[in-house]
Amino acid sequence: MKSFKTIVSLLTVAAMLLLFPGVNALQVSADEPVTYSLKYVEDKGEWRFHVGAWDDNNSGHRELYYLKESIKDGDQIVIEEGNYPLNLELPVNLKSITFNHSGNAVITAKSTENVYVLRDSVAAVNGDVVNAHVYDNAVANFNNNVTNLFITKERSGEQTIAVVGTVAYVKTSDAEKVYNEFYNFQAGSFYQEKGILKTDASKYSTTPPADTTPAQTTPATQPAADTSAAAPAASGSEYDDVPKTGESFLPYLLLMAAGVCFGSAYLLQRKGATLRRVNPR
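Residues numbered from 1 in each chain as written. Predicted model: local features only at pLDDT ≥ 70, side-chain atom pairs only at ≥ 80, totals over all residues. Heavy atoms only, no water.

Novice: How would you explain the pairing of strand β7 (residues 105–117) if you had to name every residue and give the values?
Specialist: The pairing of strand β5 (residues 86–89) with β7 spans four bridges and is parallel. The partner of Glu89 across the bridge, within β7, is Thr108. Both strand β6 (residues 93–99) and β7 contribute to a ladder of six bridges, which runs parallel. In the strand pairing of β7, Ile97 is matched with Val115. (Pairing = 2+ DSSP bridges. Helix = DSSP H or I, 4+ residues; strand = E, 2+ residues; numbered from the N terminus.)

What follows is the structure, given as structure tokens:
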């Protein structure tokens, strides 16, 4: 009888867990990229940060020391406008760095997938970059290798850019046309001054490599500070029967556990009744 009561108690706990409102929160899902905005706060006399797009009315910004503690691989940073010097080293692989009209910033990371140097910004990046986007009147220095360099003319197109490492592919364009495409710049050779390429022609190629096709993604005219927006949900019911990524299976497991507990309790009850008949007191 004691065993029967124990099984019934387990069954009750399983049922409570199944019906508990927060049970679906117990699920495994990949961490979403976090966007950190950085700006020089004059009344604090230092650079500060907070999560999300910068808001001057948000007084919850903190020292960059805490940014270094919390940032992880795949996160994004936005350097807001201002002419105060910033030299920041982050020991992670970043998804993106956006220099939002910032005047004098140096960012060091293990690597960065996308760098956006917006109009009138002055920026330097340490660490390999996959896609570098440089816009009008920006001054950019890349101190390691760049896979794809996209130079976008919005108004004047007078960017000044230097790359200390190699550059696999360079495209100069505006919203309507592509002006030129170059390939395989030798290390330390790429230099453009106010929109004019200064590299010796022997240091790069005007034809694509025969065995590879460079990625030629079209950069956005004005990249958003937070590029981690979720894709729109699929319409209709074509995915209704397919488990979604991160969907919790805990309710189903609890149902199975409850069924096992109920079956075990029933069998134990029957066994106890049989034993009482065989060995009556």
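There is more to say after this.
Novice: So, the pattern of salt bridges: which residues are in play, and what are the values?
Specialist: Using the criterion set out here, one finds five salt bridges in the structure. With a closest N to O distance of 2.8 Å, Asp75 and Lys72 form a salt bridge. Each of the salt bridges in this network shares a partner with another, and the network as a whole consists of Glu46, Arg48 and Glu63. (Salt bridge = Lys/Arg side-chain N within 4 Å of Asp/Glu carboxyl O.)

Novice: How would you explain the packing of aromatic side chains if you had to name every residue and give the values?
Specialist: Per the stated rule, a full pass over the model turns up ten aromatic pairs. Their ring planes at 65° and their centres at 5.8 Å tell us that Tyr36 and Phe49 sit as a pair that is edge-to-face. Of this pair, Tyr36 sits in strand β1 (residues 35–41) while Phe49 sits in strand β2 (residues 46–51), and the two are 13 residues apart along the sequence. Per residue, the accessibility class of Tyr36 equals that of Phe49, and both read buried. On the basis of an interplanar angle of 15° and a centroid distance of 4.6 Å, the ring pair of Phe185 and Tyr204 is categorised as stacked. Pair noted here: Phe185 is in strand β13 (residues 178–185) and Tyr204 is in the loop between β15 (196–197) and α3 (250–278), with a separation of 19 residues, a long-range link. Exposure class is identical for Phe185 and Tyr204. Each is buried. Put simply, the rings of Phe182, Phe185, Phe190 and Tyr204 pair up and form one aromatic cluster. Sitting over the face of the ring of Tyr179, Lys153 holds its NZ or CZ atom 4.2 Å from the ring centroid. (Phe/Tyr/Trp six-rings, centres within 6.5 Å; stacked < 30°, edge-to-face > 60°. Buried < 20%, exposed > 50% of the residue type's maximum accessible area, 1.4 Å probe, protein only. Lys NZ or Arg CZ within 6 Å of the ring centre and 35° of its normal.)

Novice: So what about the pairing of β6? Which residues, and what values?
Specialist: In terms of burial, β6 is a largely internal element, five of the seven residues being buried. Across four bridges, strand β4 (residues 76–79) lies against β6 in parallel orientation. Paired with Val78 across the strands is Thr98, a residue of β6.

Novice: Tell me about the confidence of the model for the protein, and please be specific about residues and values.
Specialist: For the protein, per-residue confidence averages 76 on the pLDDT scale, and residues scoring 70 or more make up 64% of the total. Of the regions scoring below 50 in pLDDT, residues 13–29 engages in 20 contacts with residues more than four places distant in sequence or in other chains. Here residues 216–222 is modelled with pLDDT under 50, and outside its nearest four sequence neighbours on either side it reaches 17 contacts, counting other chains as well. (pLDDT = per-residue confidence, 0-100. Contact = heavy atoms within 4.5 Å.)

Novice: Account for unusual backbone geometry, naming residues and giving values.
Specialist: Positive phi, close to 55°, is recorded for Asn184, a residue that is not glycine. Take Asn184: it is sitting in strand β13. The backbone of Lys194 shows a phi angle near 50°, a positive value even though the residue is not glycine. Relative to the elements of secondary structure, Lys194 occurs in the loop between β14 (191–193) and β15.

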